[in-house]
Each structure stands twice: as C-alpha cells, then as structure tokens.
Amino acid sequence: MFIRRFFLIFFFFYKKLKLMHKSDLSIFLELSDIPTTSFHENRVSNYIKNKLNEFEIDFTEDEWGNIEVFIKGKKEQEVVFISHMDHPGFEIVERLGKNLYKARTLGGLPRLSDVENTKIKIYDKFSETKGNLKPYNESSSNDSRFKPSDRWLNSEFVSVNVELEEQNFPVPVVFDLPKPKISNDQIITPVADDLAGCALILEMLNSLKDSQNNYSIRGIFSRAEEVGLYGARLIAKSERINKNSIIVSIETSSELPGAVSGSGPIIRTGDRATTFDNSGEIILLSSVKQLISEDKEFLFQRQLMGLGGCEATAFSAFGYKVTGISLPLINWHNANPEGKVEPERISITDYQNALNIMIGVGKLDIVNNNDYYKTLIDIPADAERLRLS
C-alpha cells in the first residue's frame, strides 16, 4: 500500500514537473545587461542571433533589421510572438562645446533625468564611455509628445557631459545603472522593457523547436518600438505574415490596480490605443486552463493595460487579430513614481508563468470558438421555461 501510494505521488509530481518549464533566467540576466535604445539595437540583435545559432534555430533578418524565426507546426494555423529589442534612451546629435553635446530623447524618460546629474554611458560596437546628463538650455517643448508630467521628461533634448573621441553622429546614450541582480522574487535590471520579452521568446523557441506542435509558431524581435512601433508597423504593412495569424505581443507594462507584480503575467485585453481580439485571447486562456489543471496554484491575471501602447496595436491597424502577454513592471522606463531614474523590476514568478503559457500554446490542440464556448453555445433544456405561451 505504501509503495503504491509513493508511486502515485511520484507520478503526480513527475507529470507536473514535465509540463512546467523552469527557466534558469540566464538568458534574461545576460540580455538585460546589454545597452540598447531605438535605432541602436545592434548589440542586442547580435546577442539574439548568436543565441539562435547556438540553439541551431534558423532565422532571417529583414531589410529593417527585424529578426524572425518560423517553426512549422502540424497545422497551418499560426501564432506569432513579437517583442522589441529597444528601450528608451538618447542619441547625441550635435557637439555644443568642449565635452558637451546635445542629445535627442528616444521614447518616454524619467522627469528628473537631466537635473540630477544622472550617470549615463555611450556605447558603440565594442566600448563604453561614461558621462552625465544636464538640462539643455531649450528644455521645454511645445511638441504634443512632450506634455508636463509628474513622472515624465517634458523635453525633446538634453545635454550630455562626456569626454569623447571624434564621433559620427548620432551616438547612442543610455542610463548607467547597476548590473542585473536577483532579490527574492524580483529581477532588478537596467532594462526589462522589452528585453524580458525577447528572452521569453528565445526560451520558448528553444523549447518548441523539436516538438510536434499543432500550431505553427513564429517569433519576431523588432526594432524602434519606443519611438513609434516602427519595426512592427513595417512588418505589418509588408503583409508577409498571413492575415489569419494571431499576433501576440510579449511585453512589460507598468503596474496598475488589478495588474500587480508577483501575481502572475497579464493576459492583455488591450492597450492605450485599442482593445484586442477574443479569438487570440482564448488561445492564451486555453494554455492557462491546461496549466491550472496541473497546478491549482498557477498564477495569472487578465487586464487592459492602458498606460502604454504595444506592437499588437501596430498589427491591429493593418487588420490582424491580436492579443498579448504582459509582465507587470515596477519603475517603467526606469522612472520611479517621483520621476527619478531607477532600475526596472519584474517578478520571477511572472516571468516563469509567462514562459509556460507561451510554451503551452505550442502543445495545444487547435482552439476554435465553438469548442471553447461549448457550455454557452449548448442551451440547456431548462431555458425552454422562458418561452412565452
């Protein structure tokens, strides 16, 4: 009796471990230590291409520098996971004087970036040079993109104090923050948005590359999201991806009430610009349902993340069906609530559970509306009581 019970317990936990993928987080920790900003994603791009080669996964790179992987499934139905390789930052565009340069902002940045002598680093292919930010003498802007805020910088330009050799402008600039580290359930890092998404897609592709997946799976690593979703818009406009595909944005997004770090990844029902599609969401929810059947304590959340936009909206504008997974993010765009510069933070639980949802999609039978909503579509006999005599 004891032996039989032992084997039943062993089988239960073996099955659970087999279904649940656990990341060692090494890819994200390495990736999030690499400097990146819009138009200057070359270091991150090289890391991703090297990892794909290491995993023996074929990829293509388009004329705009977006990276793409396709894993053919048993069926034609396709799920596309997309993340972006850039993060808000700056680029030096002009020399103002000795060791002083004018830099353009790239994306939303903390309000106090330029008034607290914030440490920065300038990077190229091989080297990094450290300096500081200062206000630019024309610090305010009438541009509609730069609105007064308690948290965000209202300026198109900043000054950079740094000792540079002769440079060809523009030159990328990012915050000089401590290296990524783990603290309890949190990863504290210079860049979570959206290198966490890139790391998740890399891990998912490596897990699914040799599986007999029903869905065909595509992974995309795009460029220049923070300045206007450029990479995603160019791909969507090209229509090289079948219009029947489901697009899944893999993102980080600022914590909100009902979207709390450590309570599981968000099944994202929309962003600042639009609501997303149910036909995509039920695929993600079907993966969640399967995971919960194996682990009743599996955590996830469902929320419209309305503070920022994401690449799902870029594809939605061109007629694609879209959905998303988002990790709740603390210090979004390196801005704490007071507008000071700090590292970003995400939950390890949220990361691990997002990865399992994504891998789970590859293992699903094809999800269709009639099966998913069968209990609602089948009208019970008792409803006949409503019929008017």
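Above this text sits the structure in question.
Conventions used here
- Residues numbered from 1 in each chain as written.
- Predicted model: local features only at pLDDT ≥ 70, side-chain atom pairs only at ≥ 80, totals over all residues.
- Heavy atoms only, no water.
- Helix = DSSP H or I, 4+ residues; strand = E, 2+ residues; numbered from the N terminus.
- Rg over C-alpha atoms; globule rule 2.2 N^0.38 Å.
- Buried < 20%, exposed > 50% of the residue type's maximum accessible area, 1.4 Å probe, protein only.
- Contact = heavy atoms within 4.5 Å.
- Areas by Shrake-Rupley, 256 points an atom, 1.4 Å probe, with all protein chains shown as cover.
- Core = buried A, V, L, I, M, F, W, Y, C linked by side-chain atoms within 4.5 Å.
- Pairing = 2+ DSSP bridges.
- Axes fitted to C-alpha atoms, helices over the stretch in contact; angles between N-to-C directions.
- Phe/Tyr/Trp six-rings, centres within 6.5 Å; stacked < 30°, edge-to-face > 60°.
- Lys NZ or Arg CZ within 6 Å of the ring centre and 35° of its normal.
- Polar contact = N/O pair within 3.5 Å; in protein donor to acceptor, adjacent residues only side chain to side chain.

Peer 1: Which residues make up the overall build of the protein chain, and what values go with them?
Peer 2: The number of helices and strands found in the protein chain is 10 helices and 17 strands. Taken over the C-alpha trace, the protein chain has a radius of gyration of 23 Å; the compact-globule value for 389 residues is 21 Å, and the two agree within 12%. Seen through its C-alpha atoms, the protein chain measures out along the principal axes to roughly 80 × 65 × 40 Å. Counting every position in the protein chain, which comprises 389 residues, the buried fraction comes to 53%. The contacts in the protein chain between residues at least 6 apart in sequence include a share of 79% that link residues at least 24 apart. For the protein chain, the exposed surface amounts to about 19,200 Å²; the carbon and sulfur share of it is 50%.

Peer 1: Go over the nonpolar core, please, and point to the residues and values.
Peer 2: Grouped burial of nonpolar side chains is what soluble globular proteins tend to show. Counting 60 residues, the largest nonpolar core has F81, M204, L205 and F221 as its most contacted members. The element best represented in this core is helix α4 (residues 195-208), accounting for 10 residues. Residues contacting F81, with those up to four places away along its chain left out, are I201, M204, I217, R218, G219, I220, V248, I250, M358 and V361. Counting residues in each nonpolar core, the second largest holds 18 residues, with A103, I122, V171 and V341 among its members.

Peer 1: Please give an account of the sheet that holds strand β2 (residues 67-71) that cites residues and values.
Peer 2: What the eight strands build is an open sheet, ordered β1-β2-β12-β3-β13-β16-β14-β15; its pairing is mixed. Sheet topology places β1 (60-61) and β15 (301-304) at the edges, where each strand pairs with a single neighbour. Pairing analysis gives seven bridges linking strand β3 (residues 78-84) to strand β12 (residues 216-222), with the strands arranged parallel. Along β12, the bridge assignment pairs E78 with S216. Contacts between helix α8 (residues 348-363) and the sheet are confined to β3, β12, β13 (246-254), β14 (266-270) and β16 (321-329), with β16 contributing the most and set at about 160° to the helix.

Peer 1: Could you give me a rundown of the sheet that holds strand β5 (residues 100-106), with the residues and numbers involved?
Peer 2: Strands sit in the order β4-β5-β8-β7-β6-β9 around a closed barrel of six strands; the barrel is antiparallel. Between one strand axis and the next, the sheet turns by 45° as a mean value, whatever way the strands run.

Peer 1: How would you explain the pairing of β2 if you had to name every residue and give the values?
Peer 2: Among the five residues in β2, four count as buried, and that is most of the element. In this sheet, β2 lies alongside β1 in antiparallel orientation, the contact comprising two bridges. Across the sheet, the residue bridging to E61 is I67, located in β2. Hairpin connection, β1 to β2: the antiparallel pair is bridged by five residues, and G65 has positive phi, about 90°. Pairing of β2 with β12 involves five bridges; the strand directions are antiparallel. Residue pairing in the sheet places V69 in a bridge with G219 of β12.

Peer 1: Describe the packing of aromatic side chains, and please don't skip the residues or the numbers.
Peer 2: Counting across every chain of the model gives eight aromatic pairs. Relative to W332, the ring of W152 has its centre 5.5 Å away and its plane inclined at 85°; by these criteria the two rings are edge-to-face. Taken together, the residues span a long stretch of sequence, with W152 in the loop between β7 (128-135) and β8 (157-161) and W332 in the loop between β16 and β17 (344-347) at a distance of 180 residues. Just above the ring of F157 sits the side chain of K102; from NZ or CZ to the centre is 4.1 Å.

Peer 1: Which residues make up the side chain of R218, and what values do they have?
Peer 2: Structurally, the position occupied by R218 is in strand β12. In this structure R218 comes out as buried when scored by relative accessible area, which is 13%. Within the structure, the side chain of R218 is placed 2.7 Å from the side chain of E68, a separation counted as a polar contact. A distance of 2.5 Å separates the side chain of R218 from the side chain of E78, its partner in a polar contact. In this structure, R218 is in contact with E68, V69, F70, E78, V79, V80, F81 and I241, ignoring residues within four places of it in sequence.

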